[in-house]
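One-letter residues, chain by chain:
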Amino acid sequence: MASNSVTTNIEDAVNSVFDPVSEFLGKWVFYETDLFGLVDDPFPWIVGWLVVAGAVFSVYFGFVQARRTKLAVDLVRGKHSDPDAPGEVNHFQALTAAVSGTVGLGNIAGVAVAVTVGGPGATFWMIICGLLGMATKFVECTLGVKYRDIHADGTVSGGPMQYLRKGLAERGMPGVGRVLAVGVAITLLFFTFFGGNLLQANQSFEQLKSVTGGDGGIFGNAAGAVLFGVLLATMVALVILGGIRSIANVTSRLVPAMAGLYVTACLIVILVNFDAVPAAVGSIIDGAFNPEGVAGGALGVLVIGFQRAAFSNEAGIGSAPIAHSAVKTRHPVTEGLVALLEPFIDTVVICTMTALTIVIASTPSWERSRAEAAAGEGVGDGVTLTSDAFATVLPWFPYVLTLAVLLFAFSTIITWGYYGLKCWTYLFGRTRTSETIYKVIFSVVVSMGSLLTLGSLFSLADSMLFLAAVINITGLYLLAPVVKRELKSFLELVRTGRTMEPADTGDGPAPEPATKI
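A brief report on the enclosed structure follows. (Residues numbered from 1 in each chain as written. Predicted model: local features only at pLDDT ≥ 70, side-chain atom pairs only at ≥ 80, totals over all residues. Heavy atoms only, no water.)

Here the focus is the packing of helix α13 (residues 277-289) against helix α17 (residues 341-361). Contact pair α13 / α17: the axes reach a minimum separation of 10 Å and the direction vectors enclose 115 degrees. As far as their axial angle goes, α17 and α13 are roughly perpendicular. At the point where α13 passes α17, the crossing takes the right-handed sense. For the pair formed by α13 and α17, the contact residues are V277, A280, V281, S283 and I284 on the first element and L356, V359 and I360 on the second. Looking at the contact of α13 with α17 residue by residue, the classes come out as seven nonpolar, one polar and no charged. (Axes fitted to C-alpha atoms, helices over the stretch in contact; angles between N-to-C directions. Helix = DSSP H or I, 4+ residues; strand = E, 2+ residues; numbered from the N terminus. Parallel < 35°, antiparallel > 145°, perpendicular 65-115°, else oblique. Left-handed = near helix turned anticlockwise from the far one by under 90°. Contact = heavy atoms within 4.5 Å. Nonpolar A, V, L, I, M, F, W, Y, C, P; charged D, E, K, R; others polar.)

Attention now moves to the packing of helix α10 (residues 198-211) against helix α20 (residues 397-428). Following both chains from N to C, one finds α10 and α20 inclined at 165 degrees, their axes separated by 9 Å at the closest point. As the angle between them shows, α10 and α20 are arranged roughly antiparallel. Relative to α20, α10 is oriented so that their crossing is left-handed. On α20, the residues that touch Q200, A201, S204, Q207, L208 and V211 of α10 are Y399, T402, V405, L406, A409, T412 and I413. In terms of residue class, the contact of α10 with α20 is made up of eight nonpolar, five polar and no charged.

This part covers unusual backbone geometry. In this model, F63 sits at a positive phi of 55 degrees, which is unusual for a non-glycine residue. Among the structural elements, F63 can be located in the loop between α2 (45-60) and α3 (64-67).

Let us look at the nonpolar core. The biggest cluster of nonpolar side chains holds 146 residues, and the ones touching the most others in it are F61, F138, L143, L188, V236 and L337. Per element, the largest residue contribution to this core is 18 residues, and it comes from helix α22 (residues 455-496). (Core = buried A, V, L, I, M, F, W, Y, C linked by side-chain atoms within 4.5 Å. Buried < 20%, exposed > 50% of the residue type's maximum accessible area, 1.4 Å probe, protein only.)

Written out as structure tokens, the structure is:
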């Protein structure tokens, strides 16, 4: 009881400090508009900012996500790879490290929420948004490699901090670049601690507690919470101490296993109910354009689908380029091509499989949840709705889903641990002491996740993440011509079979790699 009282007092004190900040920033970042009266339910402008960027880059680069998919897959498989190229990990490891930061509860619970609020038709627009996001990931991850810092010890620092500072300096805007770089580092670092870390630990603990007896189970008291927190923090510390190579070694095994397990379970449910697949697909397509009972009609469904997809794949946020920058390559655009597969895996494949499973196997549950949402009773627990769908065919799957949630949370934490480290060292210097301080703080915050439910900090972290998108995408628009030159040059090397040679992008020599910031 005393422990519960202490944690409650801590939560109250922290929330009282951050509530005003969270409310102020949230109102601006997630400001909602009715799109000039076109929709009944207000639309967060930040979602439009992300989707428009995806559409603009898709057109500007000639729908690279459709035309260069085969080349992207070839790169993941190791074709055109140079083992002696600068960097720390191969294309496949960089991709899995970045995917581990996005694939998680958003794919499990977020899809259920989208189906509940917008009906099956929201799935169609999630797919469209995911396809558009592929172009944004291509742009930001190409820039991440183009302007990365390769240090004397062979390690790499890359991401929006580097390409905003260096790239905009090249374009005659050094002051703007420095300000944007510091801004994106601060916002991503804040999300690292309270969204990519504390929130993940908290949600995974709650899921574990729910399947082990709730408040009366082994994890239903303060001792159980502390035990979970310490174990999770220890495992995280052991991985992040090894840097991106260690993280990539874990995620390159964990992510394919997680995704394989989850997609296999989806396929089992779908195959058992195979006769219902045509009707489910029909309801998704029909619901996208002729929805029933959804506020705002077809446009309302589009808004819901875009919102859930944008929040799931993080295209344009600026986080993924940090992981992709560590790749071994002499051609920046190769990792941009690999990165465009990320939203496809996250949103188009996994989210679609989840939606089909829910629509096919859990129709009464999601229709009931949808009716409750329409009546203003909230959207309920998305994980539960997804779990119910699997349980119709695999009664034991809720336990497997709990394992998946724990693994998704763990992989997200270690990836964001790396993202945060690069933001931290950009702001406070890349020294052994600085890095050690960060890793200790990060591990302590992990251990606190099972004890604290800091609502205001979670909300503020979300605001910070999407504020990073405002800063990052502004830079992407200004630097898009650089990416176009990189793409043209590399495609010429592919055509002539000279991909092991350095590319000539026609914009002068690449900036000298910095060894200290």
